[in-house]
Amino acid sequence: MKIDIGIKEKDRKKIAEGLTRVLADTYTAYLKTHNYHWNVTGPMFNTLHLMFEQQYNELWLAVDEIAERIRSLGAVAPGSYKAFADLTSVEEDDGVPKAQDMIVNLVKAHETITRTAREAFPLAEEASDEPTADLLTQRMQASEKTAWMLRSMLE
């Protein structure tokens, strides 16, 4: 059935493409954060273990919301490691970093999510796609706050 939500098909396609990159960055950050939760060691173990758990749970919920918005726009949400690896701008790790490097890497991951969401935002705004604009705003807000909290641990 044809989608008639007041957004042109070509605009929905462009917006969905931007959201797929946000989804890939968010999912990659989720995997990275969950990995760090499992493998963190050192004097800050308990603090980081619990904080990473909170963060990966938040990212997991965000992944679902982003994918469902992509589907609402009539596009297919990517759902494989290969697709995410091809789409993401979040850097992968080689091995298990030390706790402080984990924090630095997660700051970079959240800043990447924010930049990718910010790049997609004008597409939604120009098409008067308020639900996507709201989702992207919330994603930027959450990622910026998480990056700030992680960055604060490096002082």
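Asks: What should I look at first to understand the overall build of the protein chain in this one?
Replies: What the protein chain contains, in helices and strands, is 5 helices and 0 strands. What you see in the protein chain, going N to C, is helices and strands ordered as α-α-α-α-α. Over its C-alpha atoms the protein chain spans a radius of gyration of 16 Å, differing by no more than 12% from the 15 Å that the globule rule assigns to 155 residues. Expressed along its principal axes, the backbone C-alpha trace of the protein chain runs to roughly 55 × 30 × 20 Å. Restricting the contact set of the protein chain to residue pairs at least 6 apart, pairs at least 24 apart contribute 79%. Approximately 9000 Å² of the protein chain is accessible, and the part contributed by carbon and sulfur atoms is 52%. Computed over 18 positive and 25 negative side-chain charges, the inter-centroid distance for the protein chain is 4 Å.

Asks: Please clarify how the nonpolar core should be interpreted in this entry.
Replies: In summary, soluble globular proteins display a tendency toward joint burial of nonpolar side chains. Among the nonpolar cores identified, the biggest contains 30 residues, and Leu19, Leu23, Ile66 and Leu136 are the most heavily contacted of them. Of all the secondary-structure elements, those providing two or more residues to this core are helix H1 (9–39), helix H2 (45–72), helix H4 (99–126) and helix H5 (130–152). Among the elements that make up this core, the one with the highest residue count is H1 (9 residues). Each residue touching leucine 23, except ones within four places of it in the same chain, is listed here: Val63, Ile66, Ala67, Ile70, Ala77, Pro78 and Phe84. Formed by 12 residues, the second largest nonpolar core is a distinct cluster that contains Leu48, Met102, Ile103 and Leu106.

Asks: What exactly am I supposed to notice about H2 here?
Replies: Turn by turn, an α-helix covers 3.6 residues, leaving residues three or four places apart pointing in a common direction. Compared with the 40 Å implied by 1.5 Å per residue over 28 residues, the 40 Å span of H2 between its first and last C-alpha is a close match. Among the residues of H2, Leu48, Met51, Phe52, Gln55, Tyr56, Leu59, Ala62, Val63, Ile66, Ala67, Arg69 and Ile70 are the ones counted as buried. Buried residues in H2 make contact with H1, H4 and H5. Glycine 74 lies just past H2 and shows a positive phi near 95°.

Asks: Where do I start with the pattern of salt bridges in this structure?
Replies: Once the charged atoms of two side chains with opposite charge are near each other, the side chains can pair. Applying the stated criterion across every chain yields a total of 7 salt bridges. Its salt-bridge partner being lysine 10, residue aspartate 11 comes within 3.9 Å of it at the nearest N-O pair. Overall, aspartate 11 belongs to the buried group, its relative accessible area being 19%. In this structure, the salt-bridge partner of aspartate 129 is arginine 69, at a minimum N-O distance of 2.7 Å.

Asks: Can you walk me through the packing of aromatic side chains in this structure?
Replies: Aromatic rings considered in pairs are described by the distance between their centres and by the relative angle of their planes. Overall, the coordinates contain 7 aromatic pairs when judged by the stated rule. Each ring, one from tyrosine 27 and one from tyrosine 81, has its centre 6.4 Å from the other, and the planes form 50°; the classification is tilted. Taken together, the positions of tyrosine 27 in helix H1 and tyrosine 81 in helix H3 (residues 81–87) put the pair 54 residues apart, joining distant regions of the chain. Take tyrosine 81: its relative accessible area is 60%, and that puts it in the exposed class. An angle of 45° between the planes, with centres 5.0 Å apart, marks the rings of tyrosine 30 and tryptophan 60 as tilted. With a gap of 30 residues between them, tyrosine 30 in helix H1 and tryptophan 60 in helix H2 connect regions that are remote in the sequence. In this structure tryptophan 60 comes out as partly exposed when scored by relative accessible area, which is 44%. The structure contains a cluster of three or more aromatic residues connected by ring pairs, namely Tyr27, Tyr30, Tyr56, Trp60, Tyr81 and Phe84.

Reading guide: rules and limits
Residue positions are given per chain, counted from 1 along the sequence in the order it is written. Whole-chain, interface and lining totals are the exception, using all residues; otherwise, since this is a predicted model, local features are given only for residues with pLDDT of at least 70 and side-chain atom pairs are given and counted only at 80 or more. Hydrogens are left out, water is left out, and the side-chain values use all remaining heavy atoms of the structure. Numbering of helices and strands runs from the N terminus, with a helix taken as a DSSP run of H or I at least four residues long and a strand as a DSSP run of E at least two residues long. Computation of the radius of gyration draws on C-alpha atoms, with the globule rule given as 2.2 Å multiplied by the number of residues to the power 0.38. What makes two residues a contact is simply this: any of their non-hydrogen atoms within 4.5 Å. Throughout, the Shrake-Rupley method with a 1.4 Å probe supplies accessible areas, and for residues the shown protein chains are the sole cover considered. The convention is simple: Lys and Arg are positive, Asp and Glu are negative, and His and the chain ends are not counted. Working definition for charges: the position is that of NZ of Lys, CZ of Arg, CG of Asp or CD of Glu. Residues belong to one nonpolar core when they are buried, are Ala, Val, Leu, Ile, Met, Phe, Trp, Tyr or Cys, and are joined through side-chain atoms within 4.5 Å. Buried residues are those whose accessible area, probed at 1.4 Å on protein chains only, stays under 20% of the maximum for their type, while exposed residues exceed 50% and partly exposed ones sit between those limits. Multiply 1.5 Å by the residue count of a helix minus one, and that product is the helix's expected span. For this document, the term salt bridge refers to a Lys or Arg side-chain nitrogen within 4 Å of an Asp or Glu carboxyl oxygen. Geometry of aromatic contacts follows a simple scheme: Phe, Tyr and Trp rings, the Trp one being its six-membered ring, pair when their centres are within 6.5 Å, and the pair is stacked under 30 degrees between planes, edge-to-face over 60, tilted otherwise.

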